[in-house]
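What follows is each chain in one-letter form.
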Amino acid sequence: MTLQIGPHPVQPPVVLAPMAGITNAPFRTLCREFSGGKGLFVSEMITTRALVERDAKTMRLIHFDGTEKPRSIQLYGVDPVTVGKAVRMIVDEDLADHVDLNFGCPVPKVTRKGGGSALPYKRNLLRSILREAVGNAGSLPVTMKMRKGIDDEHITYLDAGRIAVEEGVTAIALHGRTAAQHYSGTADWEAIARLKEAVPEIPVLGNGDIWSADDAVRMMRETGCDGVVVGRGCLGRPWLFRDLVAALEEGPDGTPTATPTAPTLREVARVMLRHAELLGQWLENEQRGVIDFRKHVAWYTKGFSIGSELRKKLAIASSLDELDALLSELDLDQAWPVGADGPRGRTSGRDRVVLPDGWLNDPYDCAVVGADAELDTSGG
Ligand SMILES: Cc1cc2nc3c(=O)[nH]c(=O)nc-3n(C[C@H](O)[C@H](O)[C@H](O)COP(=O)(O)O)c2cc1C
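Note that the structure is predicted; figures quoted are calculated from it, not measured. (Residues numbered from 1 in each chain as written. Predicted model: local features only at pLDDT ≥ 70, side-chain atom pairs only at ≥ 80, totals over all residues. Heavy atoms only, no water.)

### A closer look at the packing of aromatic side chains
Now for step 1: One pass over the full model with this rule turns up 6 aromatic pairs.
Now for step 2: Judged by centre distance (4.9 Å) and plane angle (45°), the ring pair of Phe-41 and Phe-241 falls under tilted. Pair noted here: Phe-41 is in strand S4 (residues 40-47) and Phe-241 is in helix H10 (residues 240-248), with a separation of 200 residues, a long-range link.
Now for step 3: Under the relative-accessibility criterion, Phe-41 is labelled buried at 3%.
Now for step 4: Here the aromatic rings of Trp-239 and Tyr-300 are separated by 6.3 Å at their centres, their planes lie at 45°, and the arrangement is tilted. Within this pair, whereas Trp-239 is found in the loop between strand S11 (227-230) and H10, its partner Tyr-300 is found in helix H12 (residues 286-301), the two being separated by 61 residues in sequence.
Now for step 5: Residue class for Trp-239 comes out buried when judged on its relative accessible area of 2%.
Now for step 6: For the cation-ring pair, Lys-122 lies above Trp-359, with the distance from its terminal atom to the ring centre recorded as 4.8 Å.
Now for step 7: In this structure, Arg-147 packs its charged tip against the face of Tyr-183, placed 5.1 Å from the ring centre. (Phe/Tyr/Trp six-rings, centres within 6.5 Å; stacked < 30°, edge-to-face > 60°. Helix = DSSP H or I, 4+ residues; strand = E, 2+ residues; numbered from the N terminus. Buried < 20%, exposed > 50% of the residue type's maximum accessible area, 1.4 Å probe, protein only. Lys NZ or Arg CZ within 6 Å of the ring centre and 35° of its normal.)

### Quick notes on the pairing of strand S6 (residues 98-103)
Now for step 1: With respect to burial, S6 is a largely interior element, 6 of its 6 residues being buried.
Now for step 2: Inspection of the sheet shows strand S5 (residues 72-76) paired to S6 by 4 bridges, in the parallel sense. By the bridge assignment, Ile-73 is partnered in S6 with Val-99.
Now for step 3: As for the winding sense of the linkage, the β-α-β connection from S5 through helix H4 (residues 80-92) to S6 is right-handed.
Now for step 4: Here S6 pairs with strand S7 (residues 142-151) via 5 bridges, running parallel. Bridging across to S7, Val-99 finds its partner in Val-142. (Pairing = 2+ DSSP bridges. Right-handed = clockwise from strand over helix to strand, strands pointing away.)

### Examining the site of the ligand
Now for step 1: Around the ligand, the surrounding shell holds 17 residues, and the nearest of these are Gln-74, Lys-145, Asn-207, Asp-209 and Arg-232.
Now for step 2: Contacts to the ligand include Asn-102, whose side-chain N or O atom sits 3.2 Å from a nitrogen atom.
Now for step 3: At 2.7 Å, a backbone N or O of Asp-209 approaches an oxygen atom of the ligand.
Now for step 4: Computed on the free molecule, the ligand has an accessible area of 610 Å², of which 95% lies beneath the protein chains in the complex. (Near = heavy atom within 4 Å. Polar contact = N/O pair within 3.5 Å; in protein donor to acceptor, adjacent residues only side chain to side chain. Areas by Shrake-Rupley, 256 points an atom, 1.4 Å probe, with all protein chains shown as cover.)

Here it is, written out as structure tokens:
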């Protein structure tokens with residue numbers, strides 16, 4: 001069955017998770033090239049206040065390559081009025097085709113202001129934000145992405161799901177962890193199944209710990225979710241999208257057509273160069289592109305036999321020629337290493353969630369805490 005995000009069919013139902021500092025236009029382009037244009041690719045989070053104030057960095061972050069359809073922007077905000085204005089601006093200026101709202105971010109600079117994963121605890125504030133967003137969205141679909149709750153004692157996802165349905169949200173993505181878990185342990189897919197039962201009216205997208213196409217198929221089967229959202233599994237592996245599409249797309253006889261991609265280091269090196277080049281074009285500066293690319297090097301090369309000296313040099317390259325020369329020094333015929341499968345990216349936990357004073361005292365209080373501190377957090 002085709003996943004519909006408002007007027008946009010997403011077939012097969014695969015979504016690139018918004019990731020701050022990662023899912024910019026160049027990375028989305030790479031993933032789309034591998035998926036053959038299939039799937040949905042969400043921007044990194046954009047702060048509503050920064051958008052409304054036309055902050056220069058934020059305006060770059062909402063850039064879409066001309067071929068990207070639908071254009072998907074993720075917004076983060078704590079103030080219903082500002083969220084409403086940001087959505088209105090997106091509609092009036094035709095900046096995107098879909099708006100996703102971030103209620104899942106666990107980082108202290110966001111939760112300290114009552115934003116991200118802290119927000120759904122305040123049921124009425126959540127409702128106001130959703131109402132403003134949907135009310136200003138015109139025909140654009142509004143979706144939301146959330147975690148299970150703040151911690152095991154403050155679980156919010158079922159309440160938040162019902163509120164989302166009542167306020168006209170088009171679909172919900174659930175990352176099966178609490179904010180307190182950060183990225184530790186394993187995602188609770190059972191919670192995704194519970195949410196699917198609780199909000200039968202709208203699509204539920206499952207998120208958390210999809211490292212392979214098989215994981216995606218298994219999540220859909222085990223939870224009954226309508227689609228999957230994949231984040232860290234794509235870090236240094238944009239070709240995972242090809243596998244996801246193949247596995248979730250049924251063949252003519254109803255059988256999946258999965259053929260896992262296992263590139264050699266030569267093929268990986270080619271993708272690395274292309275990624276760095278796209279970043280340079282996007283930033284209009286080759287050197288800045290290669291410097292921004294540095295964070296991806298360890299993900300792309302994970303598990304390959306490279307040697308610590310060359311690994312270090314790759315991580316400080318500052319031109320495409322230098323990157324190319326270093327990559328050509330590698331033993332490029334190496335096959336895809338088994339050790340490169342499985343978890344990658346953040347896996348750590350946290351002791352506690354940083355919240356505004358008294359945040360947990362009243363789940364129905366509607367006060368906005370952090371509106372003045374929203375600036376400067378686009379892209380995480
Ligand atoms: C580097 C990084 C940046 C992230 N930035 C965002 C973000 O901007 N918005 C958001 O909703 N989630 C963000 N996330 C969370 C992911 O979208 C996703 O929910 C999480 O990684 C779990 O999915 P996974 O197991 O497939 O990685 C980020 C995660 C990572 C690792």
